[in-house]
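Residue-level structural notes
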Amino acid sequence: MPKPKHAEPKLVNIEINGVPLQVPEGELLVEAAKRVQADIPIFCYHKYMAPVGMCRMCLVEVGYKQPDGSVRKMPKPQASCTLPCTEGLVAWTETEQIIKDRRAVLEFLLINHPLDCPICDRGGECPLQNNTQFYGPSTSRYIEIKRHLPKAFPLSKYVALDLERCIQCGRCVRFTEEVSGDAQLAFLFRGAQTQPHTFQLTEFTSRFSGNVIEICPVGALTSRAYRFRARPWDITTQKTVCTMCSNGCTLYADSRSGKVVRFNARENPEVNETWTCDRGKFEQTYMHAPDRILQPMARRGKEWEPLSWGDAYELILQRWGALSQQAGGRAVAGLAGHRLSNESLYMLQKLLRGAFQTNHIDHRFTRYQGALIEPPVQNEYRDLEAASLVFVFGSDLADEQPMVFLRTRKANRRYGVACIVAYPLENAVEEFAAHSLRYRAGSEDALLKGLLYTLLDMLPAEQAQANLPDAAWLRARLADCTPAWTQDQTGVPTETLLAVARQIADAPSMLILAGEKACDHPRAEEVIELLHTLNRLTGNQAREEGGLNLMPTGANQQGALELGVAPHLLPGYAPVGDAAARERFEQAWRVPIPREAGLSTDGILQACLQGEVQMLYVAGADPVREHYEPSLAERALRACEFVIVQDVRMTETARYADLLLPTCPFTEYEGTFTSWERRVQRFWQAHPPQGEAKADWQVFAELWLRMQRQAPPFNAGEVMREIAALVPAFEPCRYDALGEYGARLG
Amino acid sequence: MNIIRDVIKPISKGLTITMRHFLEPKDTVSYPEQRKEQFARTRWRHVLLRYENGLERCIGCSLCAGACPVRCIYVEAAENTDEERYSPGERYAKRYEINLLRCIYCGYCQDACPTGAIVLREDYELADYTRESFIATKEMLLEPLPVRDEVAEAVK
């Protein structure tokens, strides 16, 4: 059964250490104890995994209230991690018996655990160390020789295994089985030889291997990248948000001497729970790349000449002065990247629209650059568990959207949400999907047409008519798209297509996750229109837990749309052509805004080639790498007279720049990002900026000041205040109101 | 006024004390030609010790840095390999620096050290001319390699 989105849990009365309290029925005792700050030590229990009761660390004494009011105590202590709360439960966590039991459990664990804490990377933040300090014996009675096993065995590219330290809690084994789904780790051998390892001692290959490092309660699984880099007391920890994809995982950035040494997951029950993917955890190192741009530079022939920030701004103003005389705003265009903060994106479009008088601004580098008028995503993480069917279309979900993949898998495993995947290649969703449609690459439109044809046949005519008023027209349009035709076009067998259509037709709600193959299709406009039709025909357009989501890929790609970094949209999806909306912004900015919609990315690049756009402002983007047709981007950059590239490091695009401006990566300034589910989350400055780098929004604000003579915002919070005043959806995102877990827009 | 009681007696009493001290062994030494022996537990400049086989005792665990109340110790650890071994076990200190200007010579680092690698010894002549020269690096702190017996014999 899918998990209902707005269900009120049934409460039961329990008592812990004499404190009566009400908790949802079935909540585990170890969780309920946290409500009264009764500290129960744990090793094998993990909040986001099924309990197993292996380590016996969480023993408590338990009794039940009898009808006559007396309490009947269980004869032996119980593991609180496997005990669901029911009416009348009474627990004691600090009795003499429990204190003795905990000491004994720890003494047993320490028999085989080496005392090499001083060189262990977990030392100082180790649950075994902490629990021994608080609950364990102060001295050891063990004088025999300890067991010796391999140290620092490289389990995978990122993870090292120290078998001596393992206490066999099974967290890592359960993680790969329950959460990541690759089931790579298992317990080998028995008794004192038990060890977690891959079958056949092969390499541990998983997209989520980094999580086992964090959940290991000892230093048995440690990070190879972080090995001996720092101790917990050497580092400063700051809250941040991952920038490797649009999933918006909350992280902690741990830095030492101005350098980030590792990223750890920060719990956010609405987003990543406590998980991260390896890309976010280990591959996010660009802020310390050797090719960081550290000061503004102008091109002089083949050389780069260092400039001061003031001279750099002056150069831009001179160019604009000359341009504004001849061509005006039509000759200026801007391209924004996906790692800019919301504040930076807002300031960029304000600068281009207000100061440079142009609407030529975009952030999209896929083939789909259509004129959206509403958010392309309808759902949030929780909906994955509430929907009855998840349809993954054209996306290698585990790779493109790792956290969405984990949630989808959890929804399937725990709540029985059915899943259908359509992707040309083998992919991780197939492991639990009810059906897999492996179509011929490029035939996405044919597959959707065939599916719609079959659905029109299957759905009751009046329902189809009610959901889709132009159903008859659609029927006529898809007259030839029979299952046989579809099989011929896509290679998907007729029976599979019929079974899938049957499942979709019967599902009370369906959530569509459309990935890169849809948005980067040569006929992307048509594919996306067909997806919208499918969404409407099945009635999911109007459902809360169902809907269509065109998944963004960049960290703040969604924010760029929300904040009007699009040729036809002002912030908050207000059309540029709408005079009333324009007037609102004109009044706030005290400057007129051009009334025609501008050019999209492709249009801008073509205009560069034809010499119409003479000044291109590329902020945090790398069109040569990101654009679907790199040669077009390259030729356009070459043709454009004056290219400003504002980036963290020397990208491919930066080589074509006439002026280079250094900016901060996300660890060096503060701001907010918008994730795929339109959740705005804050990140903070983890370490000071390198060189002369400045935050993007600050560069735009300083240019705005020089061009408009208006007081600039002094910090990112002020920019957000300005956004919130103009765009009602951003009202809950003011910094003083935006909580730990962020807020969803709209 | 009684000359004897009020003048001669006190003066001779005072001079007796002077004479007694005059005859005692002298405490003052003519530094730097002469140096006084330090107490056994004197806490001056740190020394990083070695084992008898020449391996460093320090394992780069940073516990000294954690215990330091003024945070004057910086430790950067690295991994020993069989080709390049500095200390027994997996870990050694690649960089070990103490800011002697900031250090208050409290000896907490010595207490915290799990291998007895860092000790505060009697080298008290720490004056220097630049601030930078007060950053004691690992090379400066480390005990010199013990001269092997046969080498010592040969030198004799």
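Scroll up for the structure.
So, here is what we can say about the structure in this document. All figures in this text were calculated on a predicted structure; none of them were measured in a lab. (Residues numbered from 1 in each chain as written. Chains lettered and ligands numbered in written order. Predicted model: local features only at pLDDT ≥ 70, side-chain atom pairs only at ≥ 80, totals over all residues. Heavy atoms only, no water.)

1. Quick word on the overall build of chain A
Put simply, the rule reads: Numbered from the N terminus, helices here are DSSP runs of H or I no shorter than four residues, and strands are runs of E no shorter than two. In this treatment the radius of gyration is a C-alpha quantity, and the globule benchmark scales as 2.2 Å times the residue count to the 0.38 power. The rule is simple: take the accessible area with a 1.4 Å probe, protein chains only, and divide by the maximum for that residue type; under 20% is buried, over 50% is exposed, in between is partly exposed.
Each helix and strand in chain A was counted, giving 25 helices and 31 strands. Relative to the globule expectation of 27 Å for 746 residues, the C-alpha radius of gyration of chain A, 29 Å, shows essentially globular dimensions. Seen through its principal axes, chain A has C-alpha atoms that stretch 90 × 70 × 55 Å. Per-residue burial for chain A yields a buried fraction of 60% across its 746 residues.

2. With respect to the sheet that holds strand β29 (residues 671–674) of chain A
Residue and element names in this part refer to chain A. Keep this limit in mind: Criterion used throughout: strands pair if DSSP finds at least two bridges between them. Contact between two residues is taken to exist if any of their heavy atoms lie within 4.5 Å; hydrogens are not considered. Note on method: axes are straight lines fitted to C-alpha atoms, helices fitted across the in-contact stretch only, with angles between N-to-C directions ranging 0 to 180 degrees.
Strand order in the open sheet formed by three strands is β29-β30-β31, and the pairing between neighbours is antiparallel. Taken across any chain shown, the strands that pair with only one partner, and hence form the sheet edges, are β29 and β31 (743–744). Bridge count between strand β30 (residues 679–683) and β31: two bridges; the pairing is antiparallel. Directly across from V680, in β31, lies its bridge partner A743. On the sheet, helix α8 (residues 342–355) packs against β29 and β30 and is oriented at approximately 90° with respect to β29.

3. What to know about a nonpolar patch on the surface
Residues and elements named next belong to chain B. Using the following cut-off: Only residues whose relative accessible area exceeds 30% and that form no salt bridge are eligible for patches; like-charged ones are grouped when within 9 Å, while nonpolar side chains (Val, Leu, Ile, Met, Phe, Trp, Tyr) are grouped when within 5 Å. Using the Shrake-Rupley algorithm and a 1.4 Å probe, accessible areas are obtained, with residue cover drawn only from the displayed protein chains. The term salt bridge refers to a side-chain nitrogen of Lys or Arg lying within 4 Å of a carboxyl oxygen of Asp or Glu.
A grouping of M1, I3, I4 and I8 is seen on the molecular surface, where their side chains present a nonpolar patch of about 490 Å² in accessible area. By the secondary structure assignment, M1 is in the segment before α1 (3–23). Among the residues examined, M1 registers a relative accessible area of 81% and is labelled exposed.

4. Topic: the state of the cysteines
Every disulfide links exactly two cysteines, by a covalent bond between their sulfur atoms. Our working definition: By convention in this document, the label disulfide applies to cysteine sulfur atom pairs within 2.5 Å.
In the structure shown here, the tally under the stated rule is zero disulfides over all chains. Not part of a disulfide, A:C519 finds its nearest cysteine sulfur in A:C245, a span of 15 Å. Classification of A:C519 as buried rests on a relative accessible area of 12%. Not part of a disulfide, B:C103 finds its nearest cysteine sulfur in B:C72, a span of 4.4 Å.

5. Brief notes about the sheet that holds strand β13 (residues 250–256) of chain A
Residue and element names in this part refer to chain A. Read across the sheet, three strands follow the order β12-β13-β14 without closing on themselves; strand pairing throughout is antiparallel. This sheet does not close on itself; its edge strands, each paired only once, are β12 (236–241) and β14 (259–265). Strand-to-strand twist of the sheet, defined as the mean angle between neighbouring strand axes without regard to direction, takes the value 30°. Note that β12 and β13 share six bridges and pair antiparallel. Each residue of the ladder has a partner; that of V241, found in β13, is T250.

6. Focus on the packing of aromatic side chains
Residue and element names in this part refer to chain A. Counted only if it meets this: For this analysis, a ring pair means two rings from Phe, Tyr or Trp (six-membered ring only for Trp) whose centres lie within 6.5 Å, classed as stacked if their planes differ by under 30 degrees, edge-to-face if by over 60, and tilted for the remaining angles. We count a charge as sitting over a ring when the NZ of a lysine or the CZ of an arginine lies within 6 Å of the ring centre and within 35 degrees of the ring normal.
Within this structure, the stated rule accounts for 19 aromatic pairs over all chains. Note on F175 and W275: the rings are 4.9 Å apart at their centroids and 55° apart in plane angle, and the pair reads as tilted. A residue pair is termed long-range when its members are at least 10 positions apart, and F175 in helix α4 (residues 171–179) and W275 in the loop between β14 and α6 (278–282) qualify at 100 residues. Across this residue pair, the class does not change: F175 and W275 are buried. Considering the side-chain rings of F263 and F666, the 6.0 Å spacing of their centres and the 15° angle between planes classify their relative orientation as stacked. Remark: F666 occurs in the loop between β28 (659–662) and β29 and F263 occurs in strand β14; sequence separation between them is 403 residues. The class of F666 is buried, set by a relative accessible area of 2%. One cation-aromatic arrangement involves R102 over Y135; the distance from NZ or CZ to the ring centre is 4.8 Å.

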